[in-house]
Amino acid sequence: MSPRAQILPVFVPQLGCPHRCVFCDQRRISGQARPVTADEIQTITDQAAAFLPRGEKRQLAFYGGSFTAIPAARQEELLGAAKAAMERGAIDAIRLSTRPDAIDGEVLERLRRYGVETVELGAQSMDDGVLRRSGRGHTASDVERAAREIKAAGFRLVLQMMTGLPGDSPEKDLETARRLIALRPDGVRIYPTVIVRGTPLEALWRAGEYREHTVEDAVAVCARLLPLFEAAGVPVLRLGLNPTEELSGGEAVGGAYHPALGELVRSRVLLDRARALLTGVPAGSAVTLGVPTGKASQMAGQKRGNLRALTEEFSLSGLKIREIPGQTEEIRVLSVEKN
Ligand code: SF4
């Protein structure tokens, strides 16, 4: 089994970005006001080596900007510090996030020279109209070209997508997921759109030109995306923005911000699966569902909302959940008793 991965994020907020995507303010999203320096990389990686448990794969990750669009000399300075940390055993791997139109042969050759393992590509949508309205400045075919080049050059590929962007719809999000799966990434991150204070998206929303993607909208669509990726064997590495003090403290003025969004989505997936299992169960029955150990609260939902919804929808006289050690199915019906 591969060791657990421990990501050490360092931020280059909006460095290299040639456009301002309408939803983005990395300073507010990451809570970091300025880009990391080479000296800081040394300190951070040495601290990680001293404090993180042994046996975990430590990965330094350059996030929050368009890394490969940063002037080459600055990239080399930061990558040089990361590579030195790898050579002294403080970290095991380097990953970074960037834009699809900032990938070419020369860029990939530089990343290879510095030992980068994983490239995360912000695809966001595979609908050109959505990309245009979001101010992305690239097309879906840029994503496909860049993804293929990254894989052909031997890097691990992670694709990031968003839901609920301007002009978006659940069907477009599903189509984006299908097209990302076709690129055979090693993982995906899904970020439902959050309205961050001071962004052009906030202005569009306040002017009535953008309809907010609520937490409920995000949960509903992500509960359809997650099974698609899982069925294709593509790990979903993240669902929703990382909670930060800034976002929780009011910088997220609307949209799909919830500190436990991933948990809400996984709970909704279980609700949908339970619905399918309970179809045909006679009204008035008392049902017991079995879930693997540790999954009962996810099945029950926030404030036991899933249990209430299922009991009402199927007119059950009772609904219980039991954790079954060693159960491999996500959920199964243990018993149906007719009253
Ligand atoms: S390219 Fe990425 S980091 Fe840069 S503005 Fe757009 S979303 Fe933000």
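Predicted, not measured: the structure shown is a model, and the values here were computed from it.

Participant: What am I meant to see in the side chain of Ser125 here?
Facilitator: The residue Ser125 is located in the loop between strand E4 (116-124) and helix H5 (128-133) in this model. For Ser125, the side chain forms a polar contact with the main-chain nitrogen of Asp127, separated by 3.0 Å. When sequence neighbours within four positions are dropped, the list of residues in contact with Ser125 reads Val130, Leu131, Leu165 and Thr176.

Participant: Help me understand the site of the ligand in this model?
Facilitator: Around the ligand sit Gln14, Cys17, His19, Cys21, Phe23, Cys24, Gln26, Gly64, Gly65, Ser66, Arg99 and Arg136, and those are all the residues in its vicinity. Judged by the proximity of its atoms to the pocket grid, the ligand belongs to the largest pocket. Residue composition of the shell around the ligand, grouped by class: 4 nonpolar, 6 polar and 2 charged.

Participant: Explain the sheet that holds strand E10 (residues 286-292) to me, please; I cannot follow it from the model alone.
Facilitator: Strand order across the open sheet formed by 3 strands is E11-E10-E12, with mixed pairing between neighbours. In this open sheet, the two strands that pair with only one neighbour each are strand E11 (318-324) and strand E12 (332-337). Looking at each pair of strands side by side, their axes are set apart by 20° on average, direction ignored. Looking at chain direction, E10 and E12 are connected through 5 bridges and run antiparallel. Paired with Gly290 across the bridge in E12 is Arg332.

Participant: Just to check I follow, could you spell out the nonpolar core for this structure?
Facilitator: Nonpolar side chains tend to gather and get buried jointly when the protein is soluble and globular. Phe62, Leu79, Leu111 and Phe229 are the most contacted members of the largest nonpolar core, which totals 62 residues. Ranked by residue count, the leading element in this core is helix H9 (residues 215-231), at 7 residues. When residues no more than four places from it in sequence are discounted, the contact partners of Leu111 are Thr68, Gln75, Leu79, Leu96, Val116, Val119 and Phe155. With 18 residues, the next largest nonpolar core counts Leu165, Val194, Leu201 and Ala252 among its residues.

Participant: It is not clear to me how unusual backbone geometry should be interpreted in this structure. Could you clarify?
Facilitator: In most cases, non-glycine residues show a negative phi, while peptide bonds are predominantly trans. Positioned with a positive phi, Arg184 is a non-glycine residue whose angle comes to about 50°. Note on placement: Arg184 falls in the loop between helix H7 (170-182) and strand E6 (187-192). For Arg184, a relative accessible area of 59% gives the class exposed.

Participant: Looking at this model, I keep getting lost on the environment of Ser267. Mind explaining?
Facilitator: Relative to the helices and strands, Ser267 resides in helix H11 (residues 261-278). Overall, Ser267 belongs to the buried group, its relative accessible area being 8%. For the pair formed by Ser267 and Ala300, sequence separation is 33 residues and the distance between their alpha carbons is 7.6 Å. Setting aside chain neighbours within four positions, we find Ser267 in contact with Gln298, Gly301 and Asn306.

Participant: Can you walk me through the layout of surface pockets in this structure?
Facilitator: Estimated volume of the largest pocket: approximately 820 Å³. Along its surface, the largest pocket is lined by 35 residues, and Gln26, Ile29, Gly64, Gln160 and Tyr191 are the ones closest to its centre. For the lining of the largest pocket, the secondary structure elements donating two or more residues are strand E1 (5-11), helix H1 (26-30), strand E3 (93-98), E4, strand E5 (156-163), E6 and strand E7 (194-196). Among the residues making up the lining of the largest pocket, the classes are represented as 15 nonpolar, 14 polar and 6 charged.

Participant: When you look at the pattern of salt bridges in this model, what are you seeing that I'm missing?
Facilitator: Opposite charge on two side chains lets them pair, provided their charged atoms get close. Within this structure, the stated rule accounts for 24 salt bridges. A salt bridge links Glu76 to Arg110, with the shortest nitrogen-to-oxygen separation between them at 3.5 Å. Of this pair, Glu76 sits in helix H3 (residues 72-87) while Arg110 is found in helix H4 (residues 105-113), placing the two residues 34 residues apart along the sequence. Note on Arg110: relative accessible area 6%, which makes it buried.

Participant: Sorry if this is basic, but what is going on with the packing of H3 against H4 here?
Facilitator: Two packed helices can be described by the angle between their axes and the distance between those axes. At a minimum axis separation of 10 Å, H3 and H4 run at an interaxial angle of 25°. Classified by the angle between their axes, H3 and H4 sit roughly parallel to one another. Considering only the axes of H3 and H4, their crossing is right-handed. Together, Ala72, Gln75, Glu76, Leu79 and Lys83 of H3 and Arg110, Leu111 and Arg113 of H4 make up the contact between the two elements. Here the residues of the contact of H3 with H4 sort into 3 nonpolar, 1 polar and 4 charged.

Reading the values: the criteria
- Residues numbered from 1 in each chain as written.
- Predicted model: local features only at pLDDT ≥ 70, side-chain atom pairs only at ≥ 80, totals over all residues.
- Heavy atoms only, no water.
- Helix = DSSP H or I, 4+ residues; strand = E, 2+ residues; numbered from the N terminus.
- Polar contact = N/O pair within 3.5 Å; in protein donor to acceptor, adjacent residues only side chain to side chain.
- Contact = heavy atoms within 4.5 Å.
- Near = heavy atom within 4 Å.
- 1 Å grid on protein atoms, 1.4 Å probe; cavity = no way out; pocket = protein on both sides within 12 Å on 5 of 7 lines; lining within 4 Å.
- Sits in = over half its atoms within 2 Å of the grid points.
- Nonpolar A, V, L, I, M, F, W, Y, C, P; charged D, E, K, R; others polar.
- Pairing = 2+ DSSP bridges.
- Axes fitted to C-alpha atoms, helices over the stretch in contact; angles between N-to-C directions.
- Core = buried A, V, L, I, M, F, W, Y, C linked by side-chain atoms within 4.5 Å.
- Buried < 20%, exposed > 50% of the residue type's maximum accessible area, 1.4 Å probe, protein only.
- Points joined across faces, edges and corners; volume = space filled by probe spheres on them.
- Salt bridge = Lys/Arg side-chain N within 4 Å of Asp/Glu carboxyl O.
- Parallel < 35°, antiparallel > 145°, perpendicular 65-115°, else oblique.
- Left-handed = near helix turned anticlockwise from the far one by under 90°.

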